[in-house]
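Chain by chain, the residues run as shown.
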Amino acid sequence: MIDEKGLPADEVLAEIRALRAADRPTHGGRLFAYVYDPAVPGLDELTAAAHAQSAHVNGLDPTAFPSLLAMENALVAAAARLLGGGPGSAAPDVVGSVTSGGTESLILAVKAARDARPEITTPRIVVPASGHAAFAKAAHLLRVTLDTVGVDPVTLRPAPADVAAAIRPETVLVACSAPSYAHGVVDPVAEIAAVAAAAGVRCHVDACFGGWTLPYLRRLGVPVPPFDLSVDGVTSISVDLHKYAYAPKGVSVLLHRDPSLRAAQYFAYADWPGYTMINPVLASTRSGGPIAAAYATLRHLGDAGYLRLAAATRDAVTALAGAVRDVAGLRLMAEPESTVVCFTATDPDLDLFVLVDELTARGWHTQPQLRYADLLPSVHLTVTASVAPRVAEFGPALADAVAAARAAGPVRLPPELLALATSLTPEALTPELVAGLAAGLGLGAATPAPGSGRAGGTGAPTPERMAVVNTLLDAAPPALRERLLVEFVSLLQRPAW
Ligand SMILES: *Cc1c(COP(=O)(O)O)cnc(C)c1O
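Residues numbered from 1 in each chain as written. Predicted model: local features only at pLDDT ≥ 70, side-chain atom pairs only at ≥ 80, totals over all residues. Heavy atoms only, no water.

Threshold: UniProt positions are given in the numbering used here, feature names are shortened, and annotations may be inferred rather than shown by experiment.
In the annotation of an unreviewed UniProt entry, the entry for the protein chain reads Glutamate or tyrosine decarboxylase, and the organism field reads Micromonospora halophytica. In UniProt, the protein chain has this text filed under Sequence similarities (unreviewed entry): "Belongs to the group II decarboxylase family. Sphingosine-1-phosphate lyase subfamily."

Written out as structure tokens, the structure is:
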């Protein structure tokens, strides 16, 4: 990897380009997860240049690099204004921080809530089952107990009364989503914030996914319920700029209604011989690159740009949902109210996971979601503005893929494999057993057993046909899914010698 003499720049870039060829397409409007593409000509070049200008600047010390402080404060103000805060609003004292992503924003919201109540020795948070997995990660890392509130299988929302009932004396934070990632539905924020406030508990709105589009959709006439700082009782809200603000990866904003609510978010340490460390976020050294790139994106797109992109996205969502409705055997999980189209199968002869593979084979990359509690497995489409020019092709492709999936028939797992998946406990899963399972599923062909010393790392294959794997995971309880996938990913992540 470290060449003796080093390679010329053009050769290095050619290598990366060759590696990138195996990736899913980040442009072209056929990828419905992971990537948020506005398809604005010139934006990639602009953000790359902005990133380069600030890549070596360190956010560790805002006094040493005022450029970064200025850009952060501008991003926070922009997010706050969009989300019901700022001068003349219901939240005039709003403050915030730029974080590396939604997960970090949520961890910090939980940390601030936990550390503001040091008298509570066994803190807890209340989160709807539809809340993002990052809340569970935050609870795990911060040793806070996660109290999950179920969602209605039809509305896919939690009932405020159930949230109220879950609040205990040790609860430091109540959370809700606007909208949820899995289904794109907006929780009853006002009612949940009210029950939290009545109990004297903070309320965080996770608007990481769609917080940047909901205000624009509302301006376009979509009925968006109140969800932001304009709502009494909402104490913090997060929005990812690397999602629908269309900034390159690595930027989210966490807002608190006032500085006192943010206070416990900071980590400060002077009890060592080096510099006094004052960190508002998890990282200490922080690159200015993503912040500058996000700043450039917001400045370039402007309010009119975001309104236009939201309109294109809304039109794409309407068209995609129509395409789903037109196919017998499919059903929308919810009427789309934001930027997600999510559907399930109503016909046992139509296997959703086979359908996902058939769509992939036709160049459409969707995201399968496994069954959970009493929710059926589903297919998730995150819709971005880049999808708009493609929607006319989606309907025929979906119909064609459905026909192919019906012809192929549902996945039938070998009974012994199914029995294994449903009976194994996570503790019984040794690395050897998982390697055997993975190999049996075609996941392990070129992947070495742990400790074999063979090359793994880059180039390890993932199968074209994921339906068998998804069917096995779908049959397994969540704890087993976690273990299987950890073992599998750990086999991929090996040094490339
Ligand atoms: C994406 C997302 C997160 C986590 O954000 P990352 O940037 O992936 O860390 C949290 N909440 C919601 C609703 C999200 O969509």
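Still more ground to cover, so stick around.
Remarks on the packing of helix α10 (residues 289–325) against helix α12 (residues 391–408)
Heads up, the condition is: Note on definitions: angles span 0 to 180 degrees between N-to-C directions of axes, and those axes are lines fitted to C-alpha atoms, for helices only across the stretch in contact. To qualify as a helix, a DSSP run of H or I must reach at least 4 residues; to qualify as a strand, a run of E must reach at least 2; elements of each kind are numbered from the N terminus. Roughly parallel covers angles under 35 degrees, roughly antiparallel covers those over 145, roughly perpendicular covers 65 to 115, and oblique covers all other angles. Left-handed describes a crossing whose near helix is turned anticlockwise from the far helix by less than a right angle; the clockwise case is right-handed. Any pair of residues with heavy atoms lying within 4.5 Å of one another is described as a contacting pair. The residue classification treats Ala, Val, Leu, Ile, Met, Phe, Trp, Tyr, Cys and Pro as nonpolar and Asp, Glu, Lys and Arg as charged. All others, Gly included, are polar.
Interaxial distance between α10 and α12 falls to 9 Å at its minimum, and their mutual angle equals 15 degrees. The angle between α10 and α12 falls in the class roughly parallel. Judged by the twist between their axes, the crossing of α10 over α12 is right-handed. Listed contacts from α12 to A316, A319, L320, A323 and V324 of α10 are V391, F394, G395 and L398. Per-class residue counts for the contact of α10 with α12 are eight nonpolar, one polar and no charged.

Notes on the nonpolar core
For clarity, the cut-off: Here, nonpolar core refers to any group of buried Ala, Val, Leu, Ile, Met, Phe, Trp, Tyr and Cys residues whose side-chain atoms link them within 4.5 Å. Burial classes: relative accessible area under 20% of the type maximum marks a residue as buried, over 50% as exposed, and values in between as partly exposed (1.4 Å probe, protein chains only).
Ranked by internal contacts, the top residues of the largest apolar core, which has 72 residues, are W212, F227, L241 and L255. With nine residues, the single largest contributor to this core is α10. Among all residues touching W212, those that are not within four sequence positions of it are A78, A79, L82, V239, L241, Y244, A245, L298 and Y306. Core analysis: the second largest hydrophobic core is formed by 46 residues, A321, A401, L480 and L484 among them.

Things to note about the site of the ligand
Filter applied, for reference: Note on definitions. A residue lies near a molecule or strand when any single heavy atom of the residue is within 4 Å of it. Whenever a nitrogen or oxygen atom comes within 3.5 Å of another N or O atom, the pair is scored as a polar contact, on the condition that within protein one atom can donate a hydrogen and the other can accept it, and that pairs from neighbouring residues in sequence are kept only if both atoms are in side chains. Note that accessible areas follow from Shrake-Rupley with a 1.4 Å probe, and for residues the cover is restricted to the protein chains shown.
What surrounds the ligand is the set G101, G102, T103, L106, H132, Y181, D206, C208, F209, D240, H242 and K243. With respect to the ligand, the backbone of G102 contributes an N or O atom lying 2.9 Å from an oxygen atom. Separating an oxygen atom of the ligand from a side-chain N or O atom of K243 is a distance of 2.9 Å. For the ligand, the accessible surface in isolation is 380 Å², of which the surrounding protein chains cover 84%. If you tally residues by element for the shell around the ligand, the top one is helix α4 (residues 102–115), at three residues. Its residues assigned to classes, the shell around the ligand comprises four nonpolar, five polar and three charged.

A look at α10
Inclusion rule: The span expected for a helix works out to 1.5 Å for each residue beyond the first. Fitting axes to the seven residues that end at a residue and to the seven that start at it, the angle between those axes gives the bend at that residue.
With 37 residues, α10 should cover 54 Å at 1.5 Å per step; its first-to-last C-alpha distance of 43 Å lies more than 12% under that length. The largest bend in α10 comes to about 85 degrees, at G302.

A closer look at the confidence of the model for the protein chain
Detail in the predicted coordinates should be disregarded across regions flagged by low pLDDT. Counted only if it meets this: Per-residue confidence from the prediction method is given by pLDDT, with values spanning 0 to 100.
Predicted confidence across the protein chain gives a mean pLDDT of 93, with 95% of residues reaching 70 or more. Note on residues 445–461: pLDDT under 50 across the span, and 23 contacts to partners over four residues away in sequence or across chains.

Some details on the UniProt feature "modified residue: N6-(pyridoxal phosphate)lysine" (unreviewed entry) in the protein chain
Mapped onto this numbering, the UniProt entry gives "modified residue: N6-(pyridoxal phosphate)lysine" (unreviewed entry) at K243. Mapped onto the elements of the fold, K243 is located in the loop between β6 (236–240) and β7 (252–256). What makes K243 buried here is its relative accessible area of 14%. Setting aside residues no more than four positions away along its own chain, K243 makes contact with Y36, C208 and F209.

Topic: the pattern of salt bridges
Short version of the rule: Salt bridge criterion: a side-chain nitrogen from Lys or Arg within 4 Å of a carboxyl oxygen from Asp or Glu.
Summed over the entire model, instances satisfying the criterion amount to 19 salt bridges. A salt bridge links K243 to D240; the shortest N-O distance between them is 3.0 Å. With respect to class, K243 is no different from D240; both count as buried. Here E393 and R390 are joined by a salt bridge, their closest N and O atoms 3.0 Å apart. Look at R390 and you get partly exposed, because its relative accessible area is 28%. Salt bridges sharing common partners tie together E358, R362, D400 and R465.

Thoughts on unusual backbone geometry
Look at the link from A178 to P179: it is a cis peptide, with omega at -10 degrees. Checked against the element boundaries, P179 lands in the loop between β4 (171–177) and α7 (189–198). Positioned with a positive phi, R143 is a non-glycine residue whose angle comes to about 55 degrees. Within the secondary structure, R143 is located in the loop between α5 (133–142) and β3 (145–149). You can call R143 exposed: its relative accessible area is 75%.

Focus: the sheet that holds strand β11 (residues 340–345)
Threshold: Any two strands with at least two DSSP bridges between them are considered paired.
Ordered in space as β10-β11-β13-β12, the four strands form an open sheet in which the pairing is antiparallel. With one partner strand each, in any of the chains shown, β10 (330–332) and β12 (367–369) form the two edges of the open sheet. Ignoring which end each strand starts from, the neighbouring axes of this sheet average 30 degrees apart. Running at roughly 10 degrees to β11, α10 makes contact with β10, β11 and β13 (378–382) of the sheet.

Re the sheet that holds strand β2 (residues 124–128)
Taken together, seven strands build an open sheet; the order of strands is β1-β7-β6-β5-β4-β2-β3 and the sheet is mixed. Every other strand in the sheet has two partners, leaving β1 (95–99) and β3 as the edge strands with one partner each. Here the average twist between neighbouring strands, direction ignored, is 20 degrees. Bridge count for strand β5 (residues 202–206) against β6 is three bridges, and the pairing is parallel. Paired with H204 across the bridge in β6 is S236. Each of β4 and β5 touches α7; the most contacted strand, β5, lies at about 155 degrees to it.

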